[in-house]
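Next come the chains, spelled out residue by residue.
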Amino acid sequence: MYRYLVFLTALGISIAAPAAAGDLEIRIGGISNGDGRVMVAVFDAAERFMGEETQTAALMLPARKGMVRAVIGDLPAGIYAISVYHDANGNQELDTNMLGMPREGYGFSNDARGIAGPPSFQAAAFEIGADPAVVDLRLSY
Amino acid sequence: MRRRHFIAASAAMAVHSALEPGLLIRAATAASGDDWGPAFAAARARKPWLAGFETPASDRLETPRLDIDGVWPAELAGAFYRNGPARHAVAGQRYRHWFDGDGMLQKFTIADGRVAHLGRYVATAKYMAEIAADRPLADGFGTRMPGVPPAASPDAINPANISVIAHAGRLLALWEAGSPHEIDPATLDTIGRHAWSDETSGLPFTAHPRIDRDGNLWGFGYALFRGALVLYHIGPDGGLRKAGLVPVPDLGMVHDFMVTARHIVIPIPPLVFEADRLAGGASFLDAHVWKPDLGTRVLLVDKDDFSRVEWRRLPPQWIFHYGNAWEEADGSIRFDACRYDDPGVMFSLLRYVMRGEVRPASPAYAMQTVLRAGGAADQQVITDQASAEFPRIDPRRAAVRYRQLYCVLGLGRGDAAHPFANAVARHDLETGDWDLHRYGPDEIVEEHVFVPRPGSTDEGDGWLLGTTLDAGAGVTRLNLLDARRLAGGPVARAHLPYSLPLGLHGNFVGA
Ligand SMILES: [Fe+2]
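Residue positions within a chain follow its written sequence, with the count starting from 1. Following the order in which they are written, the chains are lettered starting with A and the ligands numbered starting with 1. Where totals are concerned, whole chains, interfaces and linings use all residues; where local detail is concerned, this predicted model gives features only for residues with pLDDT of at least 70, and gives and counts side-chain atom pairs only at 80 or more. Side-chain figures throughout are based on the complete set of non-hydrogen atoms in the structure, without hydrogens or water.

1. Notes on the sheet that holds strand β9 (residues 170-174) of chain B
Residues and elements named next belong to chain B.
And then number 1: Pairing is antiparallel in the open sheet, where four strands are placed in the order β8-β9-β10-β11. Each of the sheet's edge strands pairs with one partner strand only, and the pair in question is β8 (163-167) and β11 (190-193). Strand-to-strand, the axes of this sheet are offset by a mean angle of 30°, without reference to chain direction. DSSP bridges decide pairing: two strands pair if at least two such bridges lie between them. A run of H or I in DSSP counts as a helix once it spans at least four residues, and a run of E counts as a strand once it spans at least two, with each numbered from the N terminus. Simply put, an axis is a line fit to the C-alpha atoms, just over the touching stretch for a helix, and the angle between two N-to-C directions goes from 0 to 180 degrees.

Shown next, in the form of structure tokens:
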């Protein structure tokens, strides 16, 4: 398993040159403000989706109003899904109300949404093959 | 990154999907061949009263000085705010239920014997996003919109379209199942979503909170995916005193509730939410199933301790609205309601009117109910001669023994020009007497609220204030009646030069 933990200091600058096989470009839109960080997790299998420390890659990106993007290189070909949240207050948690509803922005690849919880891995899944992959998603608040 | 936390949060996301559609399966008729707009337009040409279901020509309606009849008393000074669905189509896609459209606030400013009007939409996230995109981005209460992705949260589809209430200096536009929106009382500018605390931020909140005589505001919300009711106690200063959760199996739509001196009283009609239906493409409304075998469960909660609950039972019935409730010395609880045998009116009349059709539905009887201390319950019909709705009381009798019940009535259905209320009435709960005024044949009567006469203390000393849509003249009128002599008709009227879409609830805020 590949594992990354990357902190990007330059806004919107990719961490690897795009357009190589196995590269994954992630573009996260709909960010409401530049406070805190955007937390990204990439999963490579349904049984690991949304698990505890089961992500293939994790990124902390400085938040910026509008969009941030990043590129992760050298992912093996396969099926992946991404979850993201906007840790606006920098406490490294997705803050919630008393029913556990998010009070910070969040989103998934394919802009997938669950009806009674997070979406399924399948609903958020995309493929990385021979060509570089680009995933666009928008945060919801 | 704390994955576990994220997982827990996501798993609970559904709670707030009270109105979240979820899957991308759509009603087959929604995307193409939609004839609701043309059907309405054709019917509108024949039935002038359908003006009440039209989108206003402008996003801002303003008349600084209305034509008036009679004398608006100088001592009556303040603003009458109303709310209701107004934007009945988005980019030509007409909603299929009266309760869907974006809320527009109507403000009637009354001062020095004059009346001014201002109407503006609540600038919800949904409204602003749809204006910007010029296409539907959210489903409605009774409508699945084509090509609309599942909602991220209740507030993503919150149209803030049911009521408006002032509390602790804040004016709040209310929906059924999302955040209140704070409104500038002077300009009707939308200040933003209001949360009483981080813990309650974004939770469902009712259109029918209750303000007691000490200025406390009590509220509830139904969290269908969690199968729980949220309870709120907001102090007179506007600060959250406490919030709680009560699990309720087979939970469904709950529109209104009551408080007494000691209890929160929440009857739960057996209109049960089934998430699978939502996933299968049904609208939020159609994801509810009438299950009369469940009866109507009545939840009693101790106002001082939300963990102390009791259950009572009533026969199956659908109720939108209660007037008031109070508690006798022996613990018996008495309340009134406008009671339907079933929720058919919401699935038929209030849906198909959006295509200009009148479908029959069971009427609402004004009822009195006693929940006896020992657990038994009696219900008695006050009137079955007319369909009754929008019950209101003198707010000085909130949650205590009261005598006067005000409501609107649909009299003489057979010869009525339209299927809605045509009269306003007062019922004396002790003598059983009725005092009522029937408006003109073309007038649809909207909710009338009680306004106490400044300086008075006696129950019933004041006015009723309410709007009517005069379909014959194509205008909306504001009416003031002496609350002790409704039969005399309005003592003063103010006439808008245009009609407003029919609204739901409002409140008067004294200057
Ligand atoms: Fe209501």
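Additional details are given in the paragraphs that follow.
2. With respect to the environment of Arg138(A)
Residues and elements named next belong to chain A.
And then number 1: Structurally, Arg 138 can be placed in strand β9 (residues 133-138).
And then number 2: Between the alpha carbons of Arg 138 and Thr 56 there is a distance of 21 Å; along the sequence they are 82 residues apart.
And then number 3: Filtering out sequence-adjacent residues up to four positions away, Arg 138 remains in contact with Gly 29, Gly 30, Tyr 106, Gly 107, Asp 111 and Arg 113. Two residues qualify as a contact provided that any one of their heavy atoms is within 4.5 Å of a heavy atom in the partner residue.

3. Quick look at helix α3 (residues 125-133) of chain B
All names here are of chain B.
And then number 1: Among the residues of α3, Lys 126, Tyr 127 and Glu 130 are the ones counted as buried. Down the axis of α3, the sector holding all buried residues measures 95°, keeping them to one side.
And then number 2: Where α3 is buried, its residues meet β3 (78-87), β4 (89-90), β6 (102-111) and β7 (114-121). Remark: exposure states derive from per-residue accessible area (1.4 Å probe, protein chains only) relative to the maximum for the residue type, with buried under 20%, exposed over 50%, and partly exposed in between. Working note: the arc is built from the helix axis to C-beta atom directions.

4. So, unusual backbone geometry
And then number 1: Positive phi is not limited to glycine here, since Asp111(A) has a value of about 50°.
And then number 2: Its place among the elements puts Asp111(A) in the loop between β7 (106-108) and α1 (121-124).
And then number 3: With a phi angle near 50°, Ala168(B) is a residue other than glycine that sits in the positive phi range.
And then number 4: Checked against the element boundaries, Ala168(B) lands in the loop between β8 and β9.

5. As for the nonpolar core
And then number 1: Throughout this description, the term nonpolar core refers to a set of buried Ala, Val, Leu, Ile, Met, Phe, Trp, Tyr and Cys residues connected via side-chain atoms within 4.5 Å. With 105 residues, the main nonpolar core has Phe53(B), Tyr222(B), Leu229(B), Met253(B), Ile264(B), Ile266(B) and Met346(B) as its most contacted residues.
And then number 2: Excluding residues that lie within four positions of it along the chain, Leu229(B) makes contacts with Phe220(B), Gly221(B), Tyr222(B), Gly244(B), Leu245(B), Val246(B), Val248(B), Leu251(B), Ile266(B), Ile268(B) and Leu299(B).
And then number 3: Counting 24 residues, the second largest nonpolar core, distinct from the first, contains Val38(A), Leu75(A), Phe126(A) and Val135(A).

6. Comments concerning the confidence of the model for chain B
Residue and element names in this part refer to chain B.
And then number 1: pLDDT runs from 0 to 100 and stands for how confident the predictor is about each residue. Scored by pLDDT, chain B comes out at a mean of 92, with 93% of its residues at no less than 70.
And then number 2: In this model, residues 1-32 is a region of pLDDT below 50 whose contacts with residues beyond four sequence positions or in other chains number 114 contacts.
And then number 3: ipTM for the predicted complex: 0.76, alongside a pTM of 0.89.

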